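# Overview (structure and organization)
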Amino acid sequence: MGLTGSPSGQFMREACVSHDYSFGIEEEFFVVDGQTNSVQRRMPSGFFDQLKDILGDSVSVEMLQSQLELATRPSTGAGSALDQLKGLRRTVADVAAEHGLGLIAAGTHPTATWDGVRATRANRFDGVMNDLKMLGERSMVCGLHVHVELPDPDERVDVMRRMVPYIPHFIALSTSSPFWGAKQTGLMGYRLAAFDELPRTGLPEMFETAAAYERYIDAMVEARAITDSSYVWWAIRPSRQLPTLELRAPDSCTRIEDTVAIAALYRALVRFLVRNRHHNKDVGTVDRAIADENKWRAQRYGIHGSFVDLAQRRAVSVRDAVDGLVHLVGEDAEALGCLDALLHVRTIAEAGTSADVQLAVFQEAHHRTGKRGEALDAVKTWLANATLQ
């Protein structure tokens, strides 16, 4: 769900102080029954404690007991991040199997319902649930977060503002939530429709300086509207405890290669915007309004839709928009050593996201059996298997 606000302690201890754009990845998962792949509503006694003993700060609980989060150490190489993610997923899967459980990476679970879900008992979560009420209980969603190191606070806010027009690209490439409560939603990425019910979500406000951003945070804290900036859950935000800018828009990716590709694209784009300070320099309210429309189009259609191009005054296919972004940041990706990982986003744009596969699996199974329940079971089985490939 992404409401923890407490970034990986490993990232905090190991984040580089040099400007090498080190990055860390946080993935959220559904804990499921190992036989049925249905969501587990209560975390079994000893399961998380065992994980914590093995993985330390790389694993953390989420607000609901049916979810957990894994976090990599800071990396400067896509290969290192890929290896870490594979190791983390496999370790959790092995421990989960001992408890009769499994793991699914997706923005929403195909058949989970929010009623009867148990909250994790912790001071922060107790406060959040008291504030959000039913909205907190309904947040059965899992996201992907990518931190990229930017030591200068002014730079973090500046890049955040100039990044806004590209947020829909990351949403379209990561869609993995076409189902909600055992129903086809008609959206490729339903997760943000549910998550954006919460306050302080969606695209960030267009702060032009770090001082303006801090005035906003200070006013909110002093008015006791929030405890600190970690209660601001925008699609992209400056981290409260780390020298990073955190991307929060994507769905949790079922396939690890998709996760690493999206992280590589984000990291390269951050570097590009730092090097090219005039790019999107004049981005403002009109650009944000267009980005908000494109965000919706990304949620609705995924890679199959189009974006409104403000400069050209026309619609541009998501595939063309992604290809243009790859060309834009290719030099930066090469300099960072993540060009191969980045180029996988073209494969996603052509071959499809997790949402595309889920819908194809559902349709094939439903056509074969004529039973929606069995078709949904087939989707859950694919998700469980693909999460560990």
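Definitions and limits used
Residues numbered from 1 in each chain as written. Predicted model: local features only at pLDDT ≥ 70, side-chain atom pairs only at ≥ 80, totals over all residues. Heavy atoms only, no water. Helix = DSSP H or I, 4+ residues; strand = E, 2+ residues; numbered from the N terminus. Buried < 20%, exposed > 50% of the residue type's maximum accessible area, 1.4 Å probe, protein only. Contact = heavy atoms within 4.5 Å. Areas by Shrake-Rupley, 256 points an atom, 1.4 Å probe, with all protein chains shown as cover. Expected span 1.5 Å × (residues − 1). pLDDT = per-residue confidence, 0-100. Phe/Tyr/Trp six-rings, centres within 6.5 Å; stacked < 30°, edge-to-face > 60°. Lys NZ or Arg CZ within 6 Å of the ring centre and 35° of its normal. 1 Å grid on protein atoms, 1.4 Å probe; cavity = no way out; pocket = protein on both sides within 12 Å on 5 of 7 lines; lining within 4 Å. Points joined across faces, edges and corners; volume = space filled by probe spheres on them. Nonpolar A, V, L, I, M, F, W, Y, C, P; charged D, E, K, R; others polar. Pairing = 2+ DSSP bridges.

Our focus in this paragraph is the overall build of the chain. If you tally the helices and strands in the chain, you get 15 helices and 11 strands. Counting over 389 residues, the chain shows a buried share of 58%. Relative to all contacts within the chain whose residues are 6 or more apart in sequence, the contacts with residues 24 or more apart total 78%. A total of about 15,300 Å² of accessible surface is found on the chain, and carbon and sulfur atoms cover 48% of it.

The subject of this paragraph is helix H3 (residues 78-98). Taking 1.5 Å as the rise per residue, H3 with 21 residues should run 30 Å; its terminal C-alpha atoms sit 31 Å apart, in good agreement. Buried within H3 are the following residues: Ala78, Ala81, Gln84, Leu85, Leu88, Arg89, Val92, Ala93, Val95 and Ala96. Just beyond H3, the residue with positive phi is Gly100, at close to 75 degrees.

All right, on to the confidence of the model for the chain then. With 88% of its residues at a pLDDT of 70 or more, the chain shows a mean pLDDT of 90. For residues 8-18, every residue scores under 50 in pLDDT, and the model assigns this stretch 29 contacts once sequence neighbours within four places are set aside.

This part covers the packing of aromatic side chains. Under the criterion given, the structure shown has nine aromatic pairs. With a centroid separation of 5.5 Å and an interplanar angle of 55 degrees, the aromatic rings of Phe179 and Phe362 are classed as tilted. Placement of Phe179 in strand E6 (residues 179-180) and of Phe362 in helix H14 (residues 354-369) is noted, with a sequence separation of 183 residues between them. Since its relative accessible area comes to 1%, Phe179 is described here as buried. Given a relative accessible area of 5%, Phe362 falls into the buried group. When the centroid spacing of 5.5 Å and the interplanar angle of 40 degrees are considered together, the rings of Phe207 and Tyr216 count as tilted. Members of the aromatic cluster, each reached through a chain of ring pairs, are Phe207, Tyr213, Tyr216 and Trp234. Lying across the ring of Phe195, Arg191 places its NZ or CZ 5.9 Å from the centre. Arg200 extends its terminal NZ or CZ atom over the ring of Trp233, reaching a point 5.3 Å from the ring centre.

In this approach a probe as big as a water molecule rolls over the atoms, and the regions it shows empty are the leftover space. Computed from the structure, the largest pocket encloses a volume of approximately 480 Å³. Lining of the largest pocket is provided by 22 residues; of these, Pro165, Tyr166, Val308, Asp309 and Leu310 occupy positions nearest its centre. Listing elements by their share of the lining of the largest pocket, those giving two or more residues are helix H11 (285-301), strand E10 (306-309) and helix H12 (318-336). Residue composition of the lining of the largest pocket, by class: 13 nonpolar, six polar and three charged.

A few words now on the pairing of strand E9 (residues 244-247). Because side chains alternate across E9, one face comprises the buried residues Thr244 and Glu246, and the other comprises Leu245 and Leu247, equally buried. Summarising the sheet, strand E5 (residues 144-149) and E9 pair through four bridges and their orientation is antiparallel. Across the sheet, the residue bridging to Val148 is Leu245, located in E9. Bridge count for strand E8 (residues 236-238) against E9 is three bridges, and the pairing is antiparallel. The residue of E9 that forms the bridge with Arg237 is Glu246. Where E8 folds back on E9, the antiparallel hairpin that results is connected by five residues.

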